[in-house]
Structure formats: C-alpha cells, structure tokens
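Given next are the chains, with one letter for each unit.
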Amino acid sequence: MNNQIFIFLKKILEIRLTEKLISDQYIKKKIFSFLHLCIGQEASAVGVCSALDNNDQVWGNHRSHGHYLAKGGNYKKMIFEIFGDLRGCCKGYGGSMHLIDRSVGFMGSGPILGSCAPISAGLAAAKKFLDKKGIVVCFLGDGSSEEGAFYETVNLAGVFKLPILFVIEDNIYSVESDSSSRKVEGYNHQNIFQDGLKLYYQRISGQDVLKVFQATKEAKKKIIKEGRPSILHLDVLRAYKHSGAQPESENTYYRKKHINKFCKDNDCIEIVKKNLYQLGEEIDFVENFINIEKKKIEEKFHKIIYQIKIRSV
Amino acid sequence: MIKINFTDAIKFAHLKNLARNKKNIVLGLGMTYPNEGLYEKFKNQVFDTPVSEMSITGMAVGLASQGFRPCIVHGRVEFAMLAFDQIFTHASRWDYMFGGNYKCPVTFRIAIGRQWGNGPQHTASYHSIFLQSPGINVFIPSRPSEAYEYLIYSSLCSEPSAFLEHRWLYKTFEYFDLKKTNSNKLLLATHYQSKINKKKKYLIITYADGLIEALKTYECLKDRIDISVLNISGFNFNRRNYYEIIKIIIKYDEIILFDTSPYEFGLLSGLVGFLGIVSNKVMKIKKFSPPFTPCPTSPYLTKNYYINYRKIIEYIQKKENFKIILKKSSFDELNLWPDFDFTLYKKKKIYLNG
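Owing to the predicted nature of the structure, the values given are computational and were not obtained by experimental measurement. For every chain, the first residue of the written sequence is number 1, and numbering continues from 1 along that sequence. Whichever chain is written first becomes A and whichever ligand is written first becomes 1, with later ones labelled in order. A pLDDT threshold of at least 70 governs which residues receive local features in this predicted model, and a stricter bar of 80 or more applies before side-chain atom pairs are shown or counted, although totals over entire chains, interfaces and linings include all residues. For the side-chain quantities, the full set of heavy atoms in the structure was used; hydrogens and water were omitted.

Draft legend 1. Region of the structure containing the overall build of chain B. Strands are runs of DSSP state E lasting at least two residues, helices are runs of H or I lasting at least four, and both sets are numbered from the N terminus onward. Of regular secondary structure, chain B possesses 13 helices and 15 strands. It is over C-alpha atoms that the radius of gyration is taken, and the globule rule equals 2.2 Å times the number of residues to the power 0.38. For a compact globule of 354 residues, the expected C-alpha radius of gyration is about 20 Å, and chain B comes in at 20 Å, within 12% of that figure. Projected onto its principal axes, the C-alpha coordinates of chain B cover approximately 60 × 45 × 40 Å. Throughout this description, buried means an accessible area under 20% of the type-specific maximum (1.4 Å probe, protein chains only), exposed means over 50%, and partly exposed covers the range between. The buried share of chain B, taken over its 354 residues, is 61%.

Draft legend 2. Main features of the overall build of chain A. Secondary structure summary: chain A contains 10 helices and 8 strands in total. Taking 2.2 N^0.38 as the reference for a compact globule, 313 residues should give roughly 20 Å; the C-alpha atoms of chain A span a radius of gyration of 19 Å, in line with that estimate. Seen through its C-alpha atoms, chain A measures out along the principal axes to roughly 50 × 45 × 40 Å. Taking all 313 residues of chain A together, the buried fraction comes to 57%. Between two residues, a contact is recorded if the distance between any of their heavy atoms is within 4.5 Å. Within chain A, contacts between residues separated by at least 24 positions form 74% of all contacts whose residues are at least 6 apart in sequence. Working definition of accessibility: Shrake-Rupley area with a 1.4 Å probe, residue cover restricted to the visible protein chains. Entry remark: accessible area of chain A is about 13300 Å², with carbon and sulfur atoms responsible for 51%. Charge counting follows a simple rule: Lys and Arg are positive, Asp and Glu are negative, and His as well as the terminal groups are ignored. Taken as the charge location is NZ of Lys, CZ of Arg, CG of Asp or CD of Glu. Here chain A contributes 46 positive and 36 negative side-chain charges, whose respective centroids are spaced 5 Å apart.

Draft legend 3. Highlighting the sheet that holds strand 1 (residues 57–60) of chain A. All names here are of chain A. Strand order in this open sheet of 6 strands is 2-1-3-4-8-7, and the pairing throughout is parallel. On the outer flanks of this sheet lie strand 2 (106–109) and strand 7 (200–205), each paired with one strand and no other. Strand-to-strand, the axes of this sheet are offset by a mean angle of 15°, without reference to chain direction. Should DSSP find at least two bridges between two strands, the strands are taken to pair. One ladder, built from 6 bridges, connects strand 3 (residues 136–141) with strand 4 (residues 164–170); its direction is parallel. By the bridge assignment for strand 4, Val137 is matched with Leu165. Here an angle of 0 to 180 degrees is reported between the N-to-C directions of two axes, which are lines fitted to C-alpha atoms, with helices fitted over the stretch in contact. Against the sheet, helix 5 (residues 116–129) makes contact with strand 1, strand 2, strand 3 and strand 4, and its axis sits at roughly 175° relative to strand 3, the strand it touches most. Along the sheet, helix 8 (residues 209–226) makes contact with strand 4, strand 7 and strand 8 (230–235), crossing strand 7 at roughly 175°.

Draft legend 4. How the structure looks around the packing of helix 1 (residues 2–27) of chain A against helix 10 (residues 283–305) of chain A. Residues and elements named next belong to chain A. Between helix 1 and helix 10, the shortest axis-to-axis distance is 9 Å and the interhelical angle comes to 45°. By the angle between their axes, helix 1 is oblique relative to helix 10. Both helix 1 and helix 10 take part in a crossing whose hand is right-handed. Residues Phe6, Leu9, Lys10, Leu13, Glu14, Leu17, Thr18, Leu21, Ile22 and Gln25 of helix 1 pack against Phe285, Val286, Phe289, Ile290, Glu293, Lys294, Ile297, Glu298, Lys300, Phe301, His302 and Ile305 of helix 10. Gly is put with the polar residues, along with every residue not named as nonpolar or charged; the nonpolar set is Ala, Val, Leu, Ile, Met, Phe, Trp, Tyr, Cys and Pro, and the charged set is Asp, Glu, Lys and Arg. Considered class by class, the residues forming the contact of helix 1 with helix 10 number 13 nonpolar, 3 polar and 6 charged. What sets the label is the angle itself: under 35 degrees gives roughly parallel, over 145 gives roughly antiparallel, 65 to 115 gives roughly perpendicular, and the rest give oblique. Take the far helix as your reference; a near helix turned counterclockwise from it by less than a right angle gives a left-handed crossing, and one turned clockwise gives a right-handed crossing.

Draft legend 5. Representation of the interface of chain A and chain B within the structure. At the interface, 33 residues of chain A touch 28 residues of chain B. Here a salt bridge means any side-chain nitrogen of Lys or Arg lying within 4 Å of a carboxyl oxygen belonging to Asp or Glu. Run the count over chain A and chain B and you get 0 salt bridges. Pairs of N or O atoms are called polar contacts if they sit within 3.5 Å, as long as, within protein, a hydrogen donor faces a hydrogen acceptor (for residues adjacent in sequence, only side-chain-to-side-chain pairs). Where chain A meets chain B, there are 7 residue pairs in polar contact (both at pLDDT 80 or more). Listing elements by their share of the side of chain A that touches chain B, those giving two or more residues are strand 1, strand 2, helix 5 and helix 6 (148–159) of chain A. In terms of residue count, helix 5 of chain A provides more of the side of chain A that touches chain B than any other element does, 8 residues in total. A breakdown of the residues in the side of chain A that touches chain B according to their chemical character gives 21 nonpolar, 9 polar and 3 charged.

Draft legend 6. Molecular detail of the nonpolar core. Side-chain atoms within 4.5 Å are what join buried Ala, Val, Leu, Ile, Met, Phe, Trp, Tyr and Cys residues into a set we call a nonpolar core. One finds Leu9(A), Ile79(A), Phe166(A), Phe130(B), Ile249(B) and Ile316(B) to be the most contacted residues of the largest nonpolar core, which totals 208 residues. A domain-level breakdown of this core finds at least three residues from each of domain 1 (2–178) and domain 2 (188–351) of chain B. Those domain boundaries reflect an automatic or database domain assignment.

Draft legend 7. Representation of the domain arrangement of chain B in the model. All names here are of chain B. What the domain assignment lists for chain B is domain 1 (2–178) and domain 2 (188–351). Contacts between the two partners involve 39 residues from domain 1, matched on the other side by 39 residues from domain 2. Here the buried area means the combined drop in accessible surface, using a 1.4 Å probe, for two parts upon being joined, counting both sides. Carbon and sulfur atoms supply 54% of the area that domain 1 and domain 2 bury against each other, a total of about 3300 Å² over both sides. When residues of domain 1 are sorted by the area they lose upon contact with domain 2, Arg114, Arg143 and Trp168 head the list and together hold 22% of the total. Counting the contacts that link domain 1 with domain 2 gives 1 salt bridge. Where domain 1 packs against domain 2, one counts 25 residue pairs in polar contact (both at pLDDT 80 or more). If you list the elements that add at least two residues to the side of domain 1 that touches domain 2, you get helix 6 (127–131), strand 6 (137–139), helix 7 (144–154) and strand 8 (173–176). Looking at the side of domain 1 that touches domain 2 residue by residue, the class counts come to 17 nonpolar, 14 polar and 8 charged.

Draft legend 8. Quick peek at the packing of helix 9 (residues 242–249) of chain B against helix 10 (residues 267–278) of chain B. Residue and element names in this part refer to chain B. At a closest axis distance of 10 Å, the pairing of helix 9 and helix 10 adopts a crossing angle of 75°. Accordingly, the angle class assigned to the pair helix 9 and helix 10 is roughly perpendicular. Listed contacts from helix 10 to Tyr242, Tyr243, Ile245, Ile246 and Ile249 of helix 9 are Leu267, Gly270, Leu271, Phe274, Leu275 and Val278. A per-class count over the contact of helix 9 with helix 10 returns 10 nonpolar, 1 polar and no charged.

Draft legend 9. Structural view of the side chain of Asp101(A). All names here are of chain A. Note that Asp101 resides in the loop between helix 4 (75–83) and strand 2. Notably, Asp101 is buried but unbridged: the nearest opposite-charge side chain belongs to Lys77, and the N-O separation is 6.6 Å. Here the side chain of Asp101 touches Asn74 through a polar contact of 2.8 Å, landing on its backbone nitrogen. Sequence-distant contacts of Asp101, that is, excluding residues within four places in its chain, are made with Tyr68, Gly72, Gly73, Asn74 and Phe106.

Now the structure itself:
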C-alpha cells in the first residue's frame, strides 16, 4: 500500500512542479500558447489514471497537462508542444490545449466545452463495436457538464451501453462564475444522472488520491460488468486562475466565498502526506522523498527547455 | 443501364459501402426504418439514434478517429447546425491540430435547400459555410449518378466530407450503369457544351438543383446560340480545384450565374471573386438568384423567390434579338419536386488531376 501511495505522490509532484515551472516561463514570456494550469487538482488526474490500464483510453480538455502526464504521456513532447517547439506532441500545431499521446491511450484533448463528451462516446463506441478491452475516460469540468452536449451524450452512452466513465472535475468555478450563480437552487446531480439517466454516479472529494483511485476502480468494474456508463463527480480545488499563470490568491474578487477551502490541509499533497504518516511513514523520510523528486523534475524540465529556441525565432 | 432516382442512388451507394467494409456504418434518426432498406441487410452497421445532433455527430467523429468510416445523416442543414461544433471545430481540423497522421474520415450527409412549403427555417443552404472550412471535402451532387459516386468516394478518401444533398432533386432520375461509375477520382464539375460555334460564347455556371433550370435553358437555346453549362459539384479539402474551373470559365465571353440560394457571399460569389484574382480577362457577368432574404412558405410568395429558366431565356433573347414562345409553367412544375430526367444531357466530366 505504502509503495502505491509513494507512486501516486511521485506523479502528483511531477505534475505540480512541472505546472509551476511552466507558469514561471509563461510569466517570462517564453510561452505563446494559451495556458490552463491544473495546480491544486492533480490528485484527480493521478487517482483516475492510476486505476486504468493500457487498454483504457482518456480524452481530455483545455486543462489537461495533468491528465496527459498521469496517463503516462511523453513528458518531453508535452513541454515542447506547450513551448511551440515543432518536436511537440502535435508538432506545434496544437499547443497546450491539444495534447495527445496515443501510444499510452491519451487520445487527445480540446478546449470546446462539452464537446469532449461525444468524442469520448465515439472512442467508447469503437471499443464496443470491435469488442475491444478497456474503457474510455472523459475528463470534463463542472462548466462543461452544464453543456447540452454532455446531457445528450450521457443519454446516448446509456442507449448504446458504452464503456465510458465521465469524470467531472468540479472546481466550483467556470472561469470566474461560481456554481451557485449557474445552477438552479436544489440542483441535484444524483437525481439527474443516477435516478434520471440511469448511470452509476459517485460524488467524492477529488483531493484525496487514494479515494479517487478506489472510486475509479469501482466505476470501471461496474462499466465492464454491467455495461453501464458511469459518472465520477470529484470535488476539486483549482489553486490557479482559470487561464494564464497567476495563483488564485492574486485575484482580488474571486473565490472569497470558498477561500477557506484553500487552506493547506486541503491540498492534495498534504493529504497524501497525511495518509503516509498514518501508515507509519516517518516525516523526514517523506519530506526527503519529496525534495529528491522535486530536484529530479526541475533537472528534467530545464534539460528540455534549454533545447528550445522559440523566443529567438 | 437502369432508371435510378436521386434517393435510390444514395441508398445504392450506402449498400455498396456497407457491404465493402464492416467499419462503414450509417447513423441517424430513422436510419433503421424499413423503407430505408439498409438495416435489414446490415443490422450491425446501421443505427437509429436519439435526436441529439451534437452528440451523435461527435460520436461519429470519435469513431472515425478510431478507424471507422461513419456516415452521419442529418435530415436538414438547420438540424445539422446544432452539430457545427463537431463538424467544423473538430472533424475539419482534426488531423491538422493534432500534428498530422490522425485521420478522421467521417461523412456528414446533410439534406439542404429548397423544398415546397418548408419556409424560412427549413430551406437554407449555407454552402459557403462548408466551403470556407479548410480540411473538409464538400460534395454537392446534382444528378443521381453524382450522388452515387460522391457517397462512395467519401467512404474511400481519408478526410472528412460534407455530402450536401438538395431535397429538390430527390425525384430526379437518370439511366445509368452502377458498375460504370467512377468513385476513385474526385469529380469537380460537369460541362455541357454547345455544338454551335459562334463569336459570342455564353456560359451558365450553376450547382446543385440549379442544374435543372440551367439545362432547361440550354435545351431551349442550344440550337440558336453558343451556350454551355458548367455545373460545379465537388470541392476537395484544400480547394485546389478552383484553378481547374477557372481554366474553363475564361474561355467564355459572358457568364451567367444561376443560383437557387441568395447570391450574396455564396458559392458562386466566391468563385467570381477568385476569377477576378487569377484572371486578367474582363468578362461580362450576370447573376440570377433569389433575393437576400430567407425563403417564404406560401407558393404565392415562393413563385417570386426562386428564379426559373424563363428569366434567363428572356435575358438572352433580348441581347440576341430573337423570340422563343415558351409554354406556360404549371403550378406543379413551379412548386413540386421535379421528376427531371438527366439521361439525355451529354456532359464532359472534369476530375481532379485530369
């Protein structure tokens, strides 16, 4: 168990630190791709993707650096793509919002809200029609899940009994509008998706990687055994602004209502650390592990960006 | 050769595609109805769908990216517009935005254009929206044989294709041999050439259901003046075929543009704009098209909306100083689906790369 959690922690750290390093470069005007960082939400990507295997496929969205890395996407090609280097995963045609590494089942990503759902349904339909193993995971945000395309696709997935898991990463905000201003009072996901549209629906905290991992395993089992599409609704915390490279705290009017949720205790790295301590790991050992990993990631990142000459073009 | 109408030509093409490859599938509302004639033979390849244009089109896009060749059927372009995100923002730029080597060969079969009694929200054409999107082939068949060729071609090529079928043509027919059609090459246009050689040469340029009125004009005038018809029907994904078309057009002295959609910023208007850029020849151009308004519903109003061949003949008569007595058009001729026979009209087919 402990080894498994260290693997989760390692992946979370890779995503967190890489996003921070990208953010620094963005501020230095070294990146000319629209940017949506996933800092704060790493546990959901890592928890979900760690429960998948090589047969499973993932489709992402505009905020998918974490999903790509968690599914095992090529690190170097992602960095190249974000920097606009032609050695990137989309040869520079896509940028940050279009990541792809089909060799590991990361089938693509795109920024049009809600459209990820029907495309993922197509990937799942291909699996079903060809009788192939595995499921398809579609990552979408709480804003995307308000799109008509999403509701249409949930029904469509049920009609065709597609092997698909929709993961709603609910960070409360769509850009800067909070969910209370976007949803009718008493809006009930459980009633709509489980009772109404007959999916297997779970809602849990997306900050605890272990819980996310277990819930994904459970959903995958249901999808394969019962031929029933599922929704995993994860409550997550986005620590950076919707787009760009600024931390949320620098925004003067945003998130006052939910600022208490951003206390250190709710950070997904702190939660993993707590889990490890409860399982008997020494604080020094864990901190040392984190420091070593951070150093490795920094070295790896800088080794790649030294090869990029885009600013001089 | 057998008599085949436009809708049967589409059905025969589907049957051929479905039989050729199990990954060819057809999706759309009502596609499993017995009168479609597809589901009975190919139960695992033909699917009825929810009335959810966006999601079923997106599912087709996803399937196409995984090696399937789905044909998604939309009963009207106005319904397909609910899926424009998937058609334009996804399928048309799929291979491009992911850096190549990621094909998405989906076919969007979309009914479009004129039909009696359908009014402002069921008769739009919007060809230019499709034509302005790089990455997507656009096929606008005018004859049953073209519909057959294009639907098969769309299942063989590696790009997404929009197959825009004009409902006004559904009852038109022609005698042709299914085995002698050519779906391996891309048909760009058909050229109906006058046999009379006179100093002044007229060319009617049209597309889609405009071909019927253009051929009626041609039939009435072909023994008196040098008049030809150029019907444009196929556009490959990078639109390079414009050059092939321009090479033909510049041989003429006067161009008559005949459109069943408003001309402004449409397909023919785009062609003329292109003509102005690539050719120095000064040409007289006259256009016939509906006014720049939506189409009304009542036959009292549509008779003044759509232009018929009499107007073109009147125009040419005046210029050439002769008079033909034309018999009066019946109500049915003006308002109902024409059962026009294309067989007699000999044409030269113009394919991409010869």
